[in-house]
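Breakdown of the fold
One-letter residues, chain by chain:
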Amino acid sequence: MRTETVSGGPRPADVSVLLAVRNGMPELGTCLKSLGRQTLASERMEVIVVDDASTDTSAGEAEAFASGAGCPVRVVRRETAAAVPGLVRNQALAQATGRYVLFLGSADRLGDEALERLLATADRDDSDVVVGKVAGGGLRGFEKQAFKAKPGEEGARAQALRHLGVMKLFRRELLSRNDIRFDASLCGGDDVVFVTQAVAAADRVSFVSDYVCCRIGQAREPEDGVVPYACDCAERSLPFFRAAAAVAKRARSQVETERMLSVLLAHHIDEMLSVVDSDASYNERQSAVLEMQRMRRAYWTNGVGRRVGLYPGLCSFAAARGLFDEVCYLAVNRRFSHRARTVVEGNRVYRAFPFFRAHRGPGNLLPDHVFECTDRLRARGELLQAVLSGPTKVVLSGFGYVGSLDSSKCTVTLHLRRRGGGGALVLPVEPSPTPFLTRERGDGVHDYDDAGWRAEVDFDRVDWSRKKHGPWDFWVIVSSAGMAKEARLKAPASVGRALDNGLFTGNDSTRVRVYRTPGGYLACEISAAAGGGGSR
């Protein structure tokens, strides 16, 4: 092999960008140009390109970039193609000197501020892994949830695993200390194991969700002489089994283990269902159902099941019962699962997915509990308008509903709660129609026409004397079917701007400021007015 290096600055790099390339033209040129446009100071980065015996002009393109780059660039040319992609990535990682490493594909491209934002987040939070927002074709719905503004109930590590691509910032010392490398025994899916090991071993995982750090390019078909991604279901399952084993070994608690396993099992179920819903042979589709059985028997627990989506859980349950025909039908219809009607019986709620109550009697192979979604229902609440109507008044209007439940059966209330506990205020609301919600979110099944509310708050009439100073949050509480679901009230940026500099005098000693939080929620701050005392 031949190595060419462009000399860099005197200090080690903060980040090493690693590219494993095989016949990457013409996309490689666009990828390298995106590196040249980075706002991060050139002395803080290095680029390492390992060319896997390309037969096109990839190596020449990389060397041309190196000759004019402002940062150190190392081009390593392999004489013979690697049997598996993990070998090339490991070779690039071995050349890295940066505190952090970022893997890219030749068809990917970074946003101009990507490295600067990722590093700033890593240094601010002292993170081992930073998940930057990724865009591009082929991202599934649950993958996009990895880039939410803040980790949800599933925790940061589980959220990071929703997208298993390696386009993340990894602390190099974390990889070295835990001997984390790409598994060269796998002919595909080595990134699944690598990312899972790193995330599970990390002390802290952070997110950059307000900026598209990377746009993923279209994957190419394997070329002659290169081992293709495994088409055998057992081989396609192997990375997920090894990733699950890494979680079981490295996770810090039972709850964290269940959170991470639930995400991995959701990936695996989706992978196997894609085989079942394809033109694969009967034996291959049957093998996919058997792999779902094996994974469920190995890692499914009640805690994992509560966190896996209801429809994937139904498919997994049917596979475990050996219901091959039912799994095939569920696989074909999974893209329409959001349109299933909701059945409310007393205080229990079910989704009428295919085969709901199709098997009757003591031998019921798909019992009701597999379709029950009572504990999974979530409230949705959003501010539509905020209007200042005087020196102490604000008129708020929005909506609140429980997903999959008709709003005609629900009642909505608005609460103001002190962050961290210690106080609450119920705000009177008037109902208002929201037919647009049915059109936008009803999926042709659910009726959200009556989810709206309107509240006029006069802060001069509120008794603030017993209200503690500090931040307070607005909450929507939706009651239906004998249960109450609640959610913080979201405030879109366009609505939040109407509240800029919105200060309201509560009394002679108190003032209130209503504002939109950085996370996109409606809140208010109660503080002592200038020259006033105020109680805490």
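Provided above is the structure to which this section pertains.
Summary of the structure given here. Worth saying up front: this structure is predicted, and the values here are computed from it rather than measured.

Moving on: the overall build of the protein chain. In terms of helices and strands, the protein chain carries 16 helices and 22 strands. For 536 residues, the compact-globule estimate of 2.2 N^0.38 gives 24 Å, and the C-alpha radius of gyration of the protein chain, at 27 Å, lies within 12% of that figure. Long-range contacts, defined as pairs at least 24 residues apart, comprise 73% of the intrachain contacts of the protein chain with a sequence gap of at least 6. In the protein chain, which carries 73 positive and 65 negative side-chain charges, the distance between the mean positions of the two groups comes to 5 Å.

Counted under the stated rule, the structure contains 32 salt bridges. A salt bridge links Arg-89 to Asp-190, with the nearest nitrogen and oxygen atoms 4.0 Å apart. Of this pair, Arg-89 sits in helix H3 (residues 85-95) while Asp-190 is found in helix H8 (residues 190-201), placing the two residues 101 residues apart along the sequence. Close ionic contact of Arg-177 with Glu-173 constitutes a salt bridge, the shortest N to O distance being 2.3 Å. Linking Arg-177 with Glu-173, this pair stays in helix H7 (residues 172-177), spanning 4 residues, or about one helical turn.

Read from one edge to the other, the open sheet built from 4 strands follows the order E12-E13-E17-E16, with strand pairing classed as antiparallel. Sheet topology places strand E12 (379-388) and strand E16 (430-432) at the edges, where each strand pairs with a single neighbour. Between one strand axis and the next, the sheet turns by 30° as a mean value, whatever way the strands run. Where strand E13 (residues 393-402) and strand E17 (residues 452-458) come together, 7 bridges link them in antiparallel fashion. In the sheet register, Phe-399 faces E17, and the bridge partner there is Gly-452.

Here Met-25 and Pro-26 are connected by a cis peptide whose omega angle stands at 5°. Positive phi values are uncommon outside glycine, yet Asp-179 reaches one of about 55°. Along the polypeptide, Asp-179 turns up in the loop between H7 and H8. Phi angles above zero are rare outside glycine, and Ser-404 is one such case at about 80°. Tracing the backbone shows Ser-404 in the loop between E13 and strand E14 (411-418). For Ser-404, a relative accessible area of 15% puts it in the buried group.

On to the nonpolar core, then. Side chains of a nonpolar character, in soluble globular proteins, are inclined to be buried together. In terms of nonpolar packing, the biggest core is built from 157 residues, with Leu-19, Val-47 and Phe-474 touching the most fellow members. Considering each element in turn, this core owes the most residues, 10 residues, to helix H10 (residues 254-276). Counting 5 residues, the second largest nonpolar core, distinct from the first, contains Phe-399, Tyr-401, Tyr-448 and Ala-451.

With that settled, consider the packing of aromatic side chains. Per the counting criterion, the structure on display carries 13 aromatic pairs. In this structure an aromatic cluster arises from ring pairing among Phe-103, Phe-170, Phe-182 and Phe-194. Sitting over the face of the ring of Phe-241, Arg-294 holds its NZ or CZ atom 4.3 Å from the ring centroid. Across from the ring centre of Tyr-515, 4.3 Å away, lies the NZ or CZ of Arg-513, which sits over that ring.

The buried count for helix H14 (residues 324-333) comes to 7 of 10 residues, which makes it a mostly enclosed element. Every buried residue of H14 is accounted for by Phe-324, Glu-326, Val-327, Cys-328, Leu-330, Ala-331 and Asn-333. In the core, the buried residues of H14 are packed alongside H10, helix H11 (282-299) and helix H13 (310-320).

With respect to the helices and strands, Ala-318 occurs in helix H13. Along the chain, Ala-318 and Phe-371 lie 53 residues apart, while their C-alpha atoms are 12 Å from each other. Those residues in contact with Ala-318 that sit more than four places away from it in its chain are Leu-323, Val-327, Leu-330 and Leu-366.

Before going further, it helps to examine the packing of H11 against H14. At a minimum axis separation of 10 Å, H11 and H14 run at an interaxial angle of 95°. Between H11 and H14, the angle falls in the class roughly perpendicular. For the pair H11 and H14, the contacting residues are Tyr-282, Arg-285, Gln-286 and Val-289 in the first and Phe-324, Val-327 and Cys-328 in the second. Within the contact of H11 with H14, the residues separate by chemical class into 5 nonpolar, 1 polar and 1 charged.

Attention now moves to the side chain of Ser-480. Its location among the elements puts Ser-480 in strand E18 (residues 470-480). Looking at Ser-480, its side chain comes within polar contact range of the main-chain oxygen of Lys-409, at 3.2 Å. In this structure Ser-480 touches Leu-405, Lys-409 and Cys-410, once residues within four positions along its chain are discounted.

Mapping Phe-355 onto the fold places it in the loop between strand E11 (348-351) and E12. Take Phe-355: its relative accessible area is 22%, and that puts it in the partly exposed class. Those residues in contact with Phe-355, other than ones at most four positions away along the chain, are Glu-326, Tyr-329, Leu-330, Leu-366 and Phe-371.

If you check H11, its first and last C-alpha atoms are 26 Å apart, about what 18 residues at 1.5 Å a residue would give, namely 26 Å. Among all positions of H11, only Arg-285, Ser-287, Ala-288, Val-289, Glu-291, Met-292, Gln-293, Met-295, Arg-296 and Tyr-299 are buried. Taken together, the buried residues of H11 touch helix H9 (233-250), H10, helix H12 (302-307), H13 and H14.

On to the packing of H8 against H9, then. Where H8 contacts H9, the two axes come as close as 9 Å, and the packing angle between them is 10°. Comparing the axis directions of H8 and H9 gives the class roughly parallel. Taking contact as the criterion, the partners of Val-192, Val-193, Thr-196, Gln-197, Ala-200 and Ala-201 in H8 are, on H9, Pro-239, Phe-240, Arg-242, Ala-243, Ala-246, Val-247 and Arg-250. Looking at the contact of H8 with H9 residue by residue, the classes come out as 9 nonpolar, 2 polar and 2 charged.

The rules behind each value
Residue positions are given per chain, counted from 1 along the sequence in the order it is written. Local features in a predicted model are, by the rule used here, given only for residues with pLDDT of at least 70; side-chain atom pairs are given and counted only at 80 or more, and totals for whole chains, interfaces and linings are based on all residues. Heavy atoms from the whole structure form the basis of all side-chain values; hydrogens and water molecules are not counted. Put simply, DSSP H or I for four residues or longer makes a helix, DSSP E for two residues or longer makes a strand, and each gets a number counted from the N terminus. To get the radius of gyration, use the C-alpha atoms; to get the globule rule, take the number of residues to the power 0.38 and multiply by 2.2 Å. In what follows, residue pairs with any heavy atoms lying within 4.5 Å of each other are defined as contacts. By the counting rule applied here, Lys and Arg register as positive and Asp and Glu as negative, while His and the ends of each chain are not counted. Charge coordinates come from a single atom per side chain, which is NZ of Lys, CZ of Arg, CG of Asp or CD of Glu. Salt bridge, as applied in this entry: a Lys or Arg side-chain nitrogen positioned within 4 Å of an Asp or Glu carboxyl oxygen. The criterion for strand pairing is that DSSP finds at least two bridges linking the strands in question. Orientation is described by lines fitted to C-alpha atoms, with helices fitted over the stretch in contact, and by angles between N-to-C directions that extend from 0 to 180 degrees. The classification of residues rests on relative accessible area computed with a 1.4 Å probe and restricted to protein chains. Under 20% of the type maximum is buried, over 50% is exposed, and intermediate values are partly exposed. We call a set of buried Ala, Val, Leu, Ile, Met, Phe, Trp, Tyr and Cys residues a nonpolar core when their side-chain atoms join them within 4.5 Å. The aromatic pairing rule takes the rings of Phe, Tyr and Trp, using the six-membered ring of Trp, and pairs them if the centres are within 6.5 Å, calling planes under 30 degrees apart stacked, those over 60 edge-to-face and the rest tilted. In this analysis the charged atom, NZ for Lys or CZ for Arg, is taken to sit over a ring once it is within 6 Å of the ring centre and within 35 degrees of the ring normal. Between 65 and 115 degrees an angle is taken as roughly perpendicular, under 35 as roughly parallel, over 145 as roughly antiparallel, and anywhere else as oblique. Residue polarity is assigned by list, with Asp, Glu, Lys and Arg as charged and Ala, Val, Leu, Ile, Met, Phe, Trp, Tyr, Cys and Pro as nonpolar; anything else, Gly included, falls into the polar class. Throughout this description, a polar contact denotes any pair of N or O atoms lying within 3.5 Å of each other; where both atoms belong to protein, one of them has to be capable of donating a hydrogen while the other can accept it, and for residues adjacent in sequence the pair is counted only when both atoms sit in side chains. By definition here, a helix of n residues has an expected span of 1.5 Å times n minus one.

Geometric values such as these leave the question of function open.
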